[in-house]
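Results of the structural survey
What follows is the residue order along each chain.
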Amino acid sequence: MTSTDTEAVDNSGRGLARCGISIPMKNEETAPENQAVSAPSNQLIDLRFSMYSDAERSIWSARYQPTSQQDILGIPAGTYCMEEIPHGPASEALLRPADRLCALTQHQHVATVFALASSGARDQIWYEQVDGGTLAQAISQRGKLPGEEVATIAAGLVYAMTWFHQQQMAFTEFTAHRIFFTSNGTLKVLAPDVDLRGKNSTVAEEYYRKDIAAVASILWECLTGEAPGDVLHRPPLKLLLPATKPELGVTLEHAIDQDKPQPSLQEINAIIQHHFSAQPVDLFASAHPSVRGELPARRQPSKKKATSQKVLGSKVSQPAQGIQQKLRRAGSACLILAIIGAGSYALFEHLNSPTAPVTAESQETSPQASMATTSLEASPMAEQNPEEIMTHLVEQRNSVLAQGQRTLISSYAQSGSDLEKQDAQLLSRDTHRTLKSMPLNIVSIEDMQTDGGELSMRVTLSADKPDNFTPENAQSMGLTIQGNTLQQEVTFTVQKSDEGWRLLSAEPRSPSKTSS
């Protein structure tokens, strides 16, 4: 594996496999008539179902089952997303960005590339499993999507495309067919097809402008259910969505038409986040039937929870530095979000116990774990809201714990910190995916202090109380029972690094009293 960049290689087991040999496959389902893959029988690879196909490429959900004598890809047995493109003079350039992704550190909203291989007259890119379907399928099945879901899509999409541009990669044509979801709802973008290193800056900027226009077009289609079309025949967004403000449509149109100055990816995301509160994307109608059982429960409104949030919000005190307090739903995880020590494992074991059932209400709200989050780059403290920093890191950690992806812990925790080690141990014990079974709230953030590149604050966390959880249980774990919720105060320390803000430590505070 070679690269001219100074690229960090993580230890997740990914590798580059340019096999140069034929890899025959067998079909588990009948391929569509327009499917270009020829797949004879073999024990190594099963094609589960087609995810996308056109004249130039085919994307499958594929199960790789190597034997000890025939591990030709060098990746563990399991289910992957496998993309095939015709082998030819142009394929080498198309594969170069995927080749680079084998060496780059894993990214939250970019599909991880595990291997590249040659299969007769076609080349293959082997990605992580992303069998929640494509964004194109979701739009096709559902028409326009709720603005709250589009906000989640925008955040992940902008995060991924910004990162591609930072790595000098781009697309020749970016469409919703390149945007996939995992079964837990996390947005993942497949590899670009243009490596811009060594290209003239003018050429690179033109690619970037086209990518920005494509992102805006996709978000327009998400909101309206229809492609934006050309400027002469495109109705204003305000006519299609009367509830939106004119500036949302104006920003998207300027981006789509590549007006100068063209809005940036960050400006597009910011105005969408301003209009809508992000919610998980409902994939039930668009995902393949075989994976619907793995999807999070569809979000249902809960009057009880709305009342609980209002009561809790009324008790929130004003934080230091005059930052407005807000009750935030920070995703789904057990109330071990910040707890270090025996208490976290005690609660974890209690929730894993057969006598501690997960309530239906908890299952309904669990999709929040899949909420896409945006990056907070390292920058002067004055330019960022400490509350937003903390909320972002909490949501990022919730998502990683709910997904069970140990390799992503470094996206929110400082490398080598106790928190990173504790979470790695916690995920290794979570064989039943218990960490996604209870929603968690940030109730308040107080006593914020800065010291150079570090920020400390006292955070009150809240989660629904399991049915058979007693005051004695809570007291032994350092938690407080407040009505139907569990609460705990935790002192967080956040540190600024070259990659952005990361959690350095989390110290639980002993409760002064336990009430029932």
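What you see is a predicted model, and the numbers here were worked out from it, not measured in a lab.

**Considering the nonpolar core**
By size, the foremost hydrophobic cluster in this structure holds 69 residues, and its most contacted members are Leu 135, Ile 153, Phe 174, Leu 219 and Ile 272. Here the element with the most residues in this core is helix H3 (residues 147-166); it accounts for 10 residues. When sequence neighbours within four positions are dropped, the list of residues in contact with Ile 272 reads Val 150, Ala 151, Ala 154, Leu 219 and Leu 248.

**Let's talk about helix H1 (residues 91-103)**
Look at H1: 19 Å from first C-alpha to last across 13 residues, which is about the 18 Å you get at 1.5 Å a residue. Remark: the principal bend of H1, roughly 30 degrees, maps to Pro 97. All of the buried residues along H1 are Ser 91, Leu 95, Pro 97, Ala 98, Asp 99, Arg 100, Leu 101, Cys 102 and Ala 103. Check the buried side of H1 and you find it contacts strand E4 (78-86), strand E5 (113-119), strand E6 (122-127), H3, strand E7 (169-170) and strand E10 (194-195).

**Remarks on the environment of Ala 214**
With respect to the helices and strands, Ala 214 occurs in helix H4 (residues 201-224). Remark: the alpha-carbon pair of Ala 214 and Gln 258, spanning 44 residues in sequence, is separated by 10.0 Å.

**Notes on the packing of aromatic side chains**
In total, this model carries six aromatic pairs according to the counting rule given. Measuring from ring centre to ring centre gives 5.6 Å for Tyr 80 and Phe 114, while their planes differ by 75 degrees; the resulting arrangement is edge-to-face. Here Tyr 80 is found in strand E4, whereas its partner Phe 114 is found in strand E5, with 34 residues between them in sequence. Of the two residues, Tyr 80 and Phe 114, both sit in the buried class. Taken together, a centroid distance of 5.9 Å and an interplanar angle of 55 degrees make the contact between Trp 163 and Phe 164 tilted.

**With respect to the side chain of Asp 211**
Mapped onto the elements of the fold, Asp 211 is located in helix H4. Among buried Asp, Glu, Lys and Arg side chains, Asp 211 stands out as unpaired, with Lys 210 the closest opposite charge at 7.3 Å. Excluding residues within four positions of it along the chain, Asp 211 makes contact with Met 161, His 165, Ala 170, Phe 171 and Phe 174.

**A look at the pairing of strand E15 (residues 485-497)**
Of the pairings in the sheet, the one linking strand E13 (residues 454-464) to E15 comprises 11 bridges and is antiparallel in character. Within E15, the residue paired with Glu 454 across the bridge is Gln 495. Relative to E15, strand E14 (residues 480-482) is paired through three bridges, and the arrangement is antiparallel. Following the sheet pairing, Ile 481 is matched in E15 by Leu 486. Counted along the chain from E14 to the antiparallel partner E15, the turn is two residues long, and its residue Gly 483 has a positive phi close to 65 degrees. Here nine bridges tie E15 to strand E16 (residues 500-509), and the two strands are oriented antiparallel to one another. When the bridges of E16 are listed, Phe 492 appears paired with Ala 506. Hairpin connection of E15 to E16: two residues between the antiparallel strands.

Conventions and cut-offs
Residues numbered from 1 in each chain as written. Predicted model: local features only at pLDDT ≥ 70, side-chain atom pairs only at ≥ 80, totals over all residues. Heavy atoms only, no water. Core = buried A, V, L, I, M, F, W, Y, C linked by side-chain atoms within 4.5 Å. Buried < 20%, exposed > 50% of the residue type's maximum accessible area, 1.4 Å probe, protein only. Helix = DSSP H or I, 4+ residues; strand = E, 2+ residues; numbered from the N terminus. Contact = heavy atoms within 4.5 Å. Expected span 1.5 Å × (residues − 1). Bend = angle between axes of the 7 residues up to and from the residue. Phe/Tyr/Trp six-rings, centres within 6.5 Å; stacked < 30°, edge-to-face > 60°. Lys, Arg positive; Asp, Glu negative; His and termini not counted. Salt bridge = Lys/Arg side-chain N within 4 Å of Asp/Glu carboxyl O. Pairing = 2+ DSSP bridges.

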